[in-house]
Amino acid sequence: MELTTTPQNDGFYFPAEFSPQQAVWLAWPERADNWRLNGKPAQKAFAAIANAIAEVVPVSIIVSQQQYQPAKMLLNASIQLIEMDYNDAWMRDIGPTVLINSSGQHRAVSWQFNSWGGDFNGLYSPWNKDDQVAKNVSELLHLDFYQAPFVLEGGAIHTDGEGTLYTTEECLLSPGRNPHLTKSGIETLLAQYLGIKKIIWIPQGLYNDETDGHVDNLIHVVGPAKVVLSWTDDRTDPQYAISLQALALLNSSCDAQGRQIEVTKLPIPGPLYMTAQEAAEIEPSKGMVRKGNERLAGSYTNFLMLNQTVFVPALDEKQDKIVSAILSDLLPEYRIVLLPAREVLLGGGNIHCITQQIPH
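Each value, and the rule that gives it
Residues numbered from 1 in each chain as written. Predicted model: local features only at pLDDT ≥ 70, side-chain atom pairs only at ≥ 80, totals over all residues. Heavy atoms only, no water. Helix = DSSP H or I, 4+ residues; strand = E, 2+ residues; numbered from the N terminus. Rg over C-alpha atoms; globule rule 2.2 N^0.38 Å. Buried < 20%, exposed > 50% of the residue type's maximum accessible area, 1.4 Å probe, protein only. Contact = heavy atoms within 4.5 Å. Areas by Shrake-Rupley, 256 points an atom, 1.4 Å probe, with all protein chains shown as cover. Lys, Arg positive; Asp, Glu negative; His and termini not counted. Charge placed at Lys NZ, Arg CZ, Asp CG, Glu CD. Pairing = 2+ DSSP bridges. Axes fitted to C-alpha atoms, helices over the stretch in contact; angles between N-to-C directions. Core = buried A, V, L, I, M, F, W, Y, C linked by side-chain atoms within 4.5 Å. Arc of directions from axis to C-beta. Expected span 1.5 Å × (residues − 1). Phe/Tyr/Trp six-rings, centres within 6.5 Å; stacked < 30°, edge-to-face > 60°. Lys NZ or Arg CZ within 6 Å of the ring centre and 35° of its normal. Salt bridge = Lys/Arg side-chain N within 4 Å of Asp/Glu carboxyl O. Polar contact = N/O pair within 3.5 Å; in protein donor to acceptor, adjacent residues only side chain to side chain.

The next subject is the overall build of the chain. Within the chain, the secondary structure is distributed over 13 helices and 17 strands. Expected size for 360 residues packed as a compact globule is a radius of gyration near 21 Å; at 19 Å, the chain falls within 12% of this value. Taken along the three principal axes of its C-alpha coordinates, the chain extends 50 × 50 × 45 Å. The buried share of the chain, taken over its 360 residues, is 61%. Sequence separation of 24 or more characterises 75% of the internal contacts of the chain that already satisfy a separation of 6 or more. Carbon and sulfur atoms provide 50% of the accessible area of the chain, an area that totals close to 14,200 Å². In the chain, 25 side chains carry a positive charge and 40 a negative one; their mean positions are 2 Å apart.

Next up on the list: the sheet that holds strand E4 (residues 80-83). Within the open sheet, the 4 strands sit side by side as E4-E3-E2-E17. Their pairing is mixed. Either end of the sheet is taken by a strand with one partner, and the two such strands are E4 and strand E17 (356-359). When the angles between neighbouring strand axes are averaged without regard to direction, this sheet yields 25°.

This paragraph deals with the nonpolar core. If you look at the biggest cluster of nonpolar residues, it comprises 53 residues, and the most contacted ones within it are Trp-28, Ile-53, Ile-61, Leu-75 and Phe-311. By residue number, the principal contributor to this core is helix H2 (residues 40-53), which donates 8 residues. Counting 45 residues, the second largest nonpolar core, distinct from the first, contains Leu-272, Leu-296, Met-305 and Leu-330.

Right, let's get into helix H6 (residues 130-140). Residue pairs three or four apart in sequence face the same way in an α-helix, which turns once every 3.6 residues. Buried within H6 are the following residues: Asp-130, Val-133, Ala-134, Val-137 and Ser-138. Mapping the buried residues of H6 onto a view down its axis gives an arc of 125°, with all of them on the same face. In this structure, the buried residues of H6 make contact with strand E2 (21-27), strand E3 (59-63), helix H4 (91-94), strand E6 (106-112) and strand E7 (145-151). Taken from the residues just after H6, His-142 is the one with a positive phi, measuring 60°.

For H2, which comprises 14 residues, the first-to-last C-alpha distance of 20 Å matches the rise-based estimate of 20 Å (1.5 Å per residue) to within 8%. The buried count for H2 comes to 11 of 14 residues, which makes it a mostly enclosed element. Residues Pro-41, Ala-42, Gln-43, Ala-45, Phe-46, Ala-47, Ile-49, Ala-50, Asn-51, Ala-52 and Ile-53 constitute the buried set of H2.

What the 3 strands build is an open sheet, ordered E8-E9-E10; its pairing is mixed. Sheet topology places strand E8 (158-159) and strand E10 (198-202) at the edges, where each strand pairs with a single neighbour. Examined bridge by bridge, E8 and strand E9 (residues 164-168) share 2 bridges and lie antiparallel to one another. Note that in E9 the partner of His-158 across the bridge is Tyr-166.

Given two aromatic rings, one states the distance between the centres and the angle between the planes to describe the pair. In total, this model carries 7 aromatic pairs according to the counting rule given. One Lys or Arg, Arg-31, reaches over the ring of Tyr-124 and ends 4.4 Å from the middle of that ring. Above the ring of Trp-231, the side-chain terminus of Lys-265 is found at 4.1 Å from the ring centroid.

Once that is clear, we can look at the pattern of salt bridges. All chains considered together, the criterion is met by 14 salt bridges. For Arg-107, the salt bridge goes to Asp-10, with nearest N and O atoms at 3.0 Å. One end of the pair, Arg-107, is in strand E6; the other, Asp-10, is in helix H1 (residues 7-10), and 97 residues separate them in sequence. With relative accessibility at 28%, the residue Asp-10 sits in the partly exposed group. Between Arg-259 and Asp-255 there is a salt bridge whose closest N-O contact spans 2.8 Å. Bridged by salt links that share partners, the residues Asp-160, Glu-162, Asp-255 and Arg-259 form one connected network.

Turning next to the environment of Ser-253. You can see Ser-253 is positioned in the loop between helix H9 (238-251) and strand E13 (262-267). Sequence separation of Ser-253 and His-352 is 99 residues, and the distance between their C-alpha atoms is 25 Å. Discounting chain neighbours no more than four positions away, the residues touching Ser-253 are Ile-200, Arg-259, Gln-260 and Ile-261. There is a polar contact of 2.6 Å between the side chain of Ser-253 and the backbone oxygen of Leu-249.

A few words now on the pairing of strand E12 (residues 226-231). Burial within E12 is extensive, with 5 of its 6 residues counted as buried. Where strand E11 (residues 219-223) folds back onto E12 in an antiparallel hairpin, the turn is made up of 2 residues, including Ala-225, whose phi is positive at roughly 60°. Bridging between E12 and E13 involves 6 bridges; their strand directions are parallel. Across the sheet, residue Ser-230 finds its bridge partner in E13, namely Leu-266.

Moving on, we get to the pairing of E11. Along E11, 5 of the 5 residues are buried, which leaves the element largely enclosed by surrounding structure. Sheet topology note: the E11/E12 ladder contains 4 bridges and is antiparallel. Its bridge partner being in E12, Val-221 is matched across the sheet by Val-227.

Next comes the structure, spelled out in structure tokens:
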């Protein structure tokens with residue numbers, strides 16, 4: 001049922017990803033203008049990721065009628081497949097953000113979705129099917145939901161579950177999202193719909209990120225007042241200045257509880273580039289322009305934390321083990337699982353972008 005109140009008024013809030021989770025949802029990739037070779041390599045990558053996650057919590061995947069059987073053949077029998085209309089496979093951004101209250105009850109938020117920028121700089125059109133996914137999933141889960149009156153994607157926000165929200169100015173203040181809202185107006189709405197008390201505004205997201213700098217490609221909140229940050233020591237890399245600026249901001253910020261934020265640097269892969277062959281295997285489109293030698297927005301922070309397991313994209317043989325060791329030291333109680341994810345990256349995101357967790 002669609003509610004007419006707000007989560008803040010009803011005592012619901014956005015819990016941390018590192019808190020207990022009960023399920024994960026994905027959507028099946030098939031757009032030929034985003035996924036090469038009609039999505040077949042991406043489907044294998046998605047299936048491997050979903051199958052690994054299904055060893056930890058139940059997994060549900062939305063799929064088109066045409067792809068139902070091909071998906072079923074690649075996925076573990078335990079995974080639930082649900083036929084649903086959608087435009088592309090970024091469940092983090094099109095799925096519901098599920099909130100909890102102090103009694104352990106659940107409600108969902110359906111954000112307005114406009115393909116990361118609408119008519120201004122959106123990546124595909126139409127996006128009307130994607131805009132209905134959060135509502136449809138909420139109803140399948142028998143969750144009452146709030147329809148937010150503004151554009152937002154799940155990849156644009158991170159929280160510690162204790163009142164602090166992390167986002168980027170590049171994304172939330174981009175002219176394609178909510179040009180009618182001021183920064184303070186957006187802050188008010190985020191407080192109302194996520195039950196948060198303080199927003200930490202990082203200036204920019206990862207270099208060449210076509211989502212206008214989603215925060216989940218730059219940082220990940222791994223514990224109360226603990227953040228990992230995409231980093232490079234190469235001063236000639238355009239990412240260096242972006243990460244340095246983010247580090248300075250985080251180091252000078254306190255969270256909603258007044259704690260100093262502890263930052264751990266996580267090397268970026270590569271730099272990684274799309275090959276001419278990979279670009280040629282994607283059907284041309286207006287919004288999602290794919291070119292050989294284009295810098296990919298590769299990031300190791302785009303991982304999923306799930307009940308003492310971290311599912312990390314494997315993107316660069318030189319860096320994968322280094323990143324795994326850093327995360328193991330930082331999160332000794334977690335199992336670190338590396339999963340091949342270049343095919344997901346070629347579509348514009350990674351493991352965090354294609355998953356949406358449902359809290360306990």
